[in-house]
Amino acid sequence: MTEPHVRPARLADLLPFTAAIGDGDFLVDRLMRQRNGLGVLFFAWLGTRPAGDVYLWLEEAEERPIRRHLPGVALLTHLQVRPDLRNLGVGAALVAAVEQYLAECGRERVALGVRTDNPAAARLYRRLGYRDWGHGEVICYARATLPDGRVLEEPEDCYVLVKDLTPVTPAPRSGSSPIGVSRGW
Ligand SMILES: CC(C)(COP(=O)(O)OP(=O)(O)OC[C@H]1O[C@@H](n2cnc3c(N)ncnc32)[C@H](O)[C@@H]1OP(=O)(O)O)[C@@H](O)C(=O)NCCC(=O)NCCS
């Protein structure tokens, strides 16, 4: 079976990923943030098929409780996998890529918010070692761009989950790392 391959987004990936998973405006915004050193947008491929994405938010959290309790902690955000390619390990591979990237940067912790009405995603995170942060639920704001260009911000009740990471020695810059995360930009 083809294993998922994950790497930081490149400009040339935008077209195939937007065609496959939509969210073009979101992907452009995150790619721009990546270019400005504010985060990393990871894309997952299954063979030649665009399969999913996740954005590593390296800025301070937008939600005040998260800023207060987890200052400076990177956030795993917007994990999504194409509906027809789910349950094949793509989601887990995207999470592993984020964790490996952070561990190689010497970061000791990662956090995320998951909607309280999304038990499937919460189950995946818990299986991967994420635990409740112990400070209650948080209202997060999901941004959606409408076809006419207007941006909507919808409040969502979220659990906040955290995972401690073990720092590792960075892989050599050339070639691929052991879990198939290319570091090329
Ligand atoms: C949540 C989401 C990202 C998971 O992506 P995924 O690619 O299906 O994730 P995985 O394949 O790694 O894991 C999903 C399940 O498939 C199982 N699985 C993984 N590889 C498998 C394989 N080769 N064969 C059979 N099952 C497999 C996993 O054990 C896991 O089981 P679980 O649900 O009991 O934990 C995806 O469902 C999605 O995009 N949902 C909509 C967006 C969303 O909710 N995002 C989360 C925001 S916080």
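Refer to the preceding data block for the structure.
Bear in mind the structure is a predicted one, so any value in this text is a computation, not a measurement.

Caption draft 1: Representation of the pairing of strand β2 (residues 39–46) within the structure. Counted residue by residue, β2 has eight buried out of eight residues, so it is predominantly covered. The sheet contact formed by strand β1 (residues 4–8) and β2 spans five bridges and is antiparallel. The partner of P8 across the bridge, within β2, is F42. In sequence, β2 turns back onto strand β3 (residues 49–57) through a hairpin of two residues, with G47 there showing a positive phi of about 65 degrees.

Caption draft 2: Spatial organisation of the pairing of strand β8 (residues 151–164). Note that strand β5 (residues 109–115) and β8 share seven bridges and pair antiparallel. Across the sheet, residue R109 finds its bridge partner in β8, namely D164. Summarising the sheet, strand β6 (residues 131–132) and β8 pair through two bridges and their orientation is antiparallel. In the strand pairing of β8, D132 is matched with L161.

Caption draft 3: View of the site of the ligand. Neighbouring the ligand are 17 residues, the closest being R86, G89, V90, G91 and A92. Among the secondary structure elements, those contributing two or more residues to the shell around the ligand are β4 (74–81), α4 (90–104) and α5 (119–127). At five residues, the largest contribution of residues to the shell around the ligand is made by α5. A per-class count over the shell around the ligand returns nine nonpolar, five polar and three charged.

The rules behind each value
Residues numbered from 1 in each chain as written. Predicted model: local features only at pLDDT ≥ 70, side-chain atom pairs only at ≥ 80, totals over all residues. Buried ≥ 20, exposed ≤ 12 C-beta atoms within 10 Å, placed from the backbone. Helix = DSSP H or I, 4+ residues; strand = E, 2+ residues; numbered from the N terminus. Pairing = 2+ DSSP bridges. Near = placed C-beta within 6 Å. Nonpolar A, V, L, I, M, F, W, Y, C, P; charged D, E, K, R; others polar.

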